Amino acid sequence: MTETFGADFLVRWLTAAAGVVDREADRLTELDSAIGDADHGANLRRGFAAVTATLAKEPPRTPGAVLTTAGRELISTVGGAAGPLYGTLLRRTGKTLGEGARVTRQELAEALGSGVTAVSQLGGAQVGDKTMLDALVPAVDGLRESFAAARAAAEAGALATVPLRARKGRASYLGERSEGHQDPGATSSALLFAALDETARTPRAGAAS
Ligand code: ADP
Ligand code: MG
């Protein structure tokens, strides 16, 4: 039987994501200080803290609603480029999932695919431009196979941004001086998919084994 995931799974994912973003915020900010303005860690820490607070206060009842609520929260709390972009990713993914009470991994992958397309439309970037899309696009492809494959693909995509020259976002102002540095947004995207894989490996508290 195909495994399905309810709203609680999506809440656990975003809570785990908030934890890893909090722990890695200094590294994200360090990466952003090399080719940006040193605020990526702080931006995401603030945004994901707001997401978990909102989800804890009134947990939405469907996977789609969890993601649209989280996306809205990111858009309203994060000022930098990444807030609206990640917010759009989650909102569009949530809208694509619709009202169903449970989703399969395949459905989540399809919906995330539409979210990633929305990110590309909003920011005008493609794979190879040294942005979060360099991790997000391969991650969604990997998710069609497994959570672990999504995580590995996102990590590889983030590492692959190192030699690239940035063509979008603040780092693009640096031209060739952006080469040799890992993109902060691709790095945080890899963290989100690491958190998703961890969540899939961790049984729900109180669940029958
Ligand atoms: P800001 O650039 O406004 O300071 P952040 O530092 O929070 O915002 O986020 C920077 C990250 O956002 C970059 O590392 C990159 O991955 C991502 N990013 C910036 N512009 C775009 C874009 N047009 N499309 C996709 N991702 C982008
Ligand atoms: Mg920045």
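Keep in mind the model is a prediction, meaning the values are calculated, not measured.

1. Comments concerning the packing of helix α3 (residues 63-77) against helix α4 (residues 82-97)
Move 1: Where α3 contacts α4, the axes come no closer than 7 Å and their chain directions differ by 160 degrees. Comparing their axes, α4 and α3 come out roughly antiparallel. Where α3 crosses over α4, the two elements pack in a sense that is left-handed. Together, Pro 63, Gly 64, Leu 67, Thr 68, Ala 70, Gly 71, Arg 72, Leu 74 and Ile 75 of α3 and Gly 83, Pro 84, Tyr 86, Gly 87, Thr 88, Leu 90, Arg 91, Thr 93, Gly 94, Lys 95 and Leu 97 of α4 make up the contact between the two elements.
Move 2: Considered class by class, the residues forming the contact of α3 with α4 number 9 nonpolar, 8 polar and 3 charged.

2. Considerations on the pattern of salt bridges
Move 1: Counted under the stated rule, the structure contains 11 salt bridges.
Move 2: Put simply, Arg 27 and Glu 24 hold a salt bridge, and the shortest N to O gap is 2.9 Å. Note that Arg 27 and Glu 24 are positioned in helix α1 (residues 7-35) at a spacing of 3 residues, about one turn of the helix.
Move 3: Judged by its relative accessible area of 38%, Arg 27 is partly exposed.
Move 4: By relative accessible area, Glu 24 is classed as partly exposed at 24%.
Move 5: Among the charged side chains, a salt-bridge network with shared partners connects Arg 151, Asp 197, Glu 198 and Arg 201.

3. Quick word on the layout of surface pockets
Move 1: The space that makes up the largest pocket amounts to roughly 490 Å³.
Move 2: Along its surface, the largest pocket is lined by 25 residues, and Ala 81, Ala 82, Leu 85, Gly 169 and Arg 170 are the ones closest to its centre.
Move 3: Here the residues of the lining of the largest pocket sort into 10 nonpolar, 8 polar and 7 charged.

Parameters and conventions
- Residues numbered from 1 in each chain as written.
- Chains lettered and ligands numbered in written order.
- Predicted model: local features only at pLDDT ≥ 70, side-chain atom pairs only at ≥ 80, totals over all residues.
- Heavy atoms only, no water.
- Axes fitted to C-alpha atoms, helices over the stretch in contact; angles between N-to-C directions.
- Helix = DSSP H or I, 4+ residues; strand = E, 2+ residues; numbered from the N terminus.
- Parallel < 35°, antiparallel > 145°, perpendicular 65-115°, else oblique.
- Left-handed = near helix turned anticlockwise from the far one by under 90°.
- Contact = heavy atoms within 4.5 Å.
- Nonpolar A, V, L, I, M, F, W, Y, C, P; charged D, E, K, R; others polar.
- Salt bridge = Lys/Arg side-chain N within 4 Å of Asp/Glu carboxyl O.
- Buried < 20%, exposed > 50% of the residue type's maximum accessible area, 1.4 Å probe, protein only.
- 1 Å grid on protein atoms, 1.4 Å probe; cavity = no way out; pocket = protein on both sides within 12 Å on 5 of 7 lines; lining within 4 Å.
- Points joined across faces, edges and corners; volume = space filled by probe spheres on them.

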